[in-house]
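What follows is the residue order along each chain.
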Amino acid sequence: MCGIAGIYSKNKSPELLSKIAKSMANTIFHRGPDDSGVWCKESMALSHQRLSILDLSKSGHQPMKSHCDRYTLVFNGEIYNHHLIKKELNILNNKILWNGESDTEVLLSAITSWGIEKALQRCEGMFALALWDNVAKKLFLARDRFGEKPLYYGYVKNDFVFASELKALKIHPEFNNELNRAAIAKYLKFSYVPHPLSIFKGISKLPPAHILCMNFNNNSEAIFPYWTLSSTVNTNYSNYDSIIETLHNNLNKSVADQMVADVPVGAFLSGGIDSSLIVSLMQKNSKRPINTFTIGYQDTVYDESLYASSVAQHLGTNHTELIVSPQDLLSVVPKLPSLYDEPF
């Protein structure tokens with residue numbers, strides 16, 4: 001999963017910035033217990049908690065600097081087509097010396113070659129990232145096309161901060177942001193706080209498929225989309241069968257791309273249409289039984305584990321069930337305030 005955080009401050013020492021950035025990362029340790037790192041230069045500090053999925057070696061350590069030393073990146077997520085992007089980059093420049101096999105390094109090289117907007121337009125994946133341009137003194141924040149990965153940003157007094165979770169921002173020693181009344185109104189209407197608002201005044205959620213550019217030379221900011229659904233919709237289908245065939249091919253490719261990992265891959269299986277379809281495509285693309293997991297309930301009115309078990313047996317997966325009791329559910333209630341940073 002990974003987690004990212006950072007702080008920009010003109011009135012704090014690099015030592016204090018590094019300490020705050022490290023504390024921010026520590027609060028989201030659960031997002032990435034495999035590795036951690038902090039980078040600080042002048043007024044900018046970046047921190048990262050890593051959950052190793054691709055390239056388990058130290059070559060995937062973050063924050064990661066570009067080969068040209070201009071950019072420093074913290075990245076949460078996965079670029080599913082990074083192998084294709086890497087091939088394209090090698091064609092453009094056969095002198096690139098790769099340190100490892102991580103998608104983070106490929107993304108950094110893509111940004112160096114094409115710029116952040118064009119690089120992200122080529123990326124298929126789920127991610128949230130922060131990129132520091134040491135030459136232009138600009139910070140770029142970006143989020144994947146549909147907002148699978150979270151990213152909060154804003155000001156705590158005069159310091160600009162960002163993180164994967166709100167709790168990391170609250171660790172700032174001067175955090176005292178009041179509740180956002182506009183966000184409360186939206187929550188009462190929709191039962192959640194929609195972007196770009198957050199429950200705290202001065203803190204926002206970056207919208208999906210958008211890039212935020214913070215120019216600290218003149219204290220300006222710009223936010224713009226790098227992708228829209230309408231730009232990719234293809235309506236040139238001759239008949240219903242061609243639509244079904246295209247959908248099947250796209251789903252199969254998407255599932256196969258997302259199964260690429262240097263660790264075991266599994267899936268939650270409820271027995272419903274969506275998860276059953278995904279698991280069937282996973283098993284189709286695997287030479288061995290895939291791992292599936294189902295949570296069931298002692299109350300048969302709510303239990304769907306029988307359906308999941310039937311699908312798992314039909315597909316021949318390596319299936320695991322966990323049946324939870326009412327007491328199991330009640331034991332989670334005291335943890336909810338730490339699990340959810342906002343009302344939900």
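Chemist: Quick one: what's the story with the packing of aromatic side chains, residue by residue and with numbers?
Modeler: What the rule picks out here adds up to eleven aromatic pairs. Ring geometry for Phe160 and Phe216: centres 6.0 Å apart, planes at 65 degrees, overall edge-to-face. Placement of the pair is Phe160 in strand E9 (residues 159-163) and Phe216 in the loop between strand E11 (210-215) and strand E12 (220-225), with a sequence separation of 56 residues. Overall, the relative accessible area of 1% leaves Phe160 in the buried class. Overall, Phe216 belongs to the buried group, its relative accessible area being 5%. Among the aromatic residues, those joined into a cluster by ring pairs are Tyr8, Trp132, Tyr153, Tyr155, Phe160 and Phe216.

Chemist: Give me the sheet that holds strand E4 (residues 64-65): which residues, what numbers.
Modeler: Strands sit in the order E4-E5-E6-E7-E11-E12 across an open sheet of six strands; the sheet is antiparallel. Either end of the sheet is taken by a strand with one partner, and the two such strands are E4 and E12. Looking at chain direction, strand E7 (residues 138-143) and E11 are connected through five bridges and run antiparallel. When the sheet's bridge partners are listed, Phe140 is paired in E11 with Cys213.

Chemist: Let's hear about the side chain of Asp257: which residues, and what values?
Modeler: By the secondary structure assignment, Asp257 is in helix H7 (residues 240-258). Engagement of the side chain of Asp257 in a polar contact is seen with the side chain of Lys253, the distance being 2.8 Å. Not counting residues within four places of it along the chain, the set of residues in contact with Asp257 comprises Tyr80 and Glu124.

Chemist: Could you give me a rundown of the pairing of strand E15 (residues 318-324), with the residues and numbers involved?
Modeler: Examined bridge by bridge, strand E14 (residues 291-297) and E15 share seven bridges and lie parallel to one another. Considered in E15, the bridge of Ile295 is made with Leu322. One crossover worth recording links E14 to the parallel E15 by way of helix H9 (residues 305-315), and it is right-handed.

Chemist: Requested: an account of the pairing of strand E1 (residues 3-8), with residues and values cited.
Modeler: When a strand is regular, its side chains alternate between the sheet's two faces. The buried count for E1 comes to six of six residues, which makes it a mostly enclosed element. Neither face of E1 is open: one carries Gly3, Ala5 and Ile7, the other Ile4, Gly6 and Tyr8, and all of them are buried. The pairing of E1 with strand E3 (residues 44-50) spans six bridges and is antiparallel. The residue bridging Ala5 from the neighbouring strand is Ser47, located in E3. In the sheet, E1 pairs with E9 via four bridges, with the strands oriented antiparallel.

Chemist: Run through the sheet that holds E14, naming residues and quoting values.
Modeler: Spatially, three strands are ordered E13-E14-E15 in an open sheet, and the strand pairing comes out parallel. In this open sheet, the two edge strands, each paired with only one partner strand, are strand E13 (266-268) and E15. When the angles between neighbouring strand axes are averaged without regard to direction, this sheet yields 25 degrees. Running over the sheet, H9 touches E14 and E15 and is turned about 175 degrees from E15.

Chemist: Any details on the pattern of salt bridges? Residues and values, ideally.
Modeler: Tallied over the entire structure, the rule returns 14 salt bridges. When the shortest N-O distance is used, the salt bridge between Glu42 and Lys137 registers 3.1 Å. With Glu42 in the loop between strand E2 (35-41) and E3 and Lys137 in the loop between strand E6 (125-133) and E7, this pair connects stretches of sequence that are 95 residues apart. Given a relative accessible area of 22%, Lys137 falls into the partly exposed group. In this structure, Lys253 engages Asp257 in a salt bridge whose closest nitrogen and oxygen atoms are separated by 2.8 Å. Placement of both Lys253 and Asp257 in helix H7 is noted, with a separation of four residues, approximately one turn of the helix. By relative accessible area, which is 40% here, Lys253 ends up partly exposed. Salt bridges linked by common partners bring Arg31, Glu165, Lys167 and Asp341 together as one network.

Rules used throughout
- For every chain, the first residue of the written sequence is number 1, and numbering continues from 1 onward in sequence order.
- Given that this is a predicted model, residues contribute local features only at a pLDDT of at least 70 and side-chain atom pairs are listed and counted only at 80 or more, while totals for whole chains, interfaces and linings are drawn from all residues.
- Heavy atoms throughout the structure, all of them, feed into the side-chain values; hydrogens and water do not.
- Here the aromatic set is Phe, Tyr and Trp, taking the six-membered ring for Trp, and pairing holds for ring centres within 6.5 Å; pairs whose planes are under 30 degrees apart are stacked, those over 60 apart are edge-to-face, and all others are tilted.
- For the purposes of this entry, the term helix denotes a DSSP run of H or I that reaches at least four residues, the term strand denotes a run of E that reaches at least two, and both are numbered from the N terminus.
- Using a 1.4 Å probe on the protein chains alone, a residue whose accessible area is under 20% of its type maximum counts as buried, one over 50% counts as exposed, and one in between counts as partly exposed.
- Two strands pair if DSSP finds at least two bridges between them.
- In the analysis that follows, any N or O atom pair within 3.5 Å is treated as a polar contact, provided that within protein one partner can donate a hydrogen and the other can accept it, and provided that, for residues neighboring in sequence, both atoms belong to side chains.
- Residue contacts are counted whenever heavy atoms from the two residues lie within 4.5 Å of one another.
- Viewed with both strands pointing away, a crossover whose connecting path from the first strand over the helix to the second turns clockwise is right-handed.
- To get an axis, fit a line to the C-alpha atoms, keeping to the stretch in contact for a helix; angles then go from 0 to 180 degrees between the N-to-C directions.
- Here, a salt bridge means any side-chain nitrogen of Lys or Arg that lies within 4 Å of a carboxyl oxygen of Asp or Glu.

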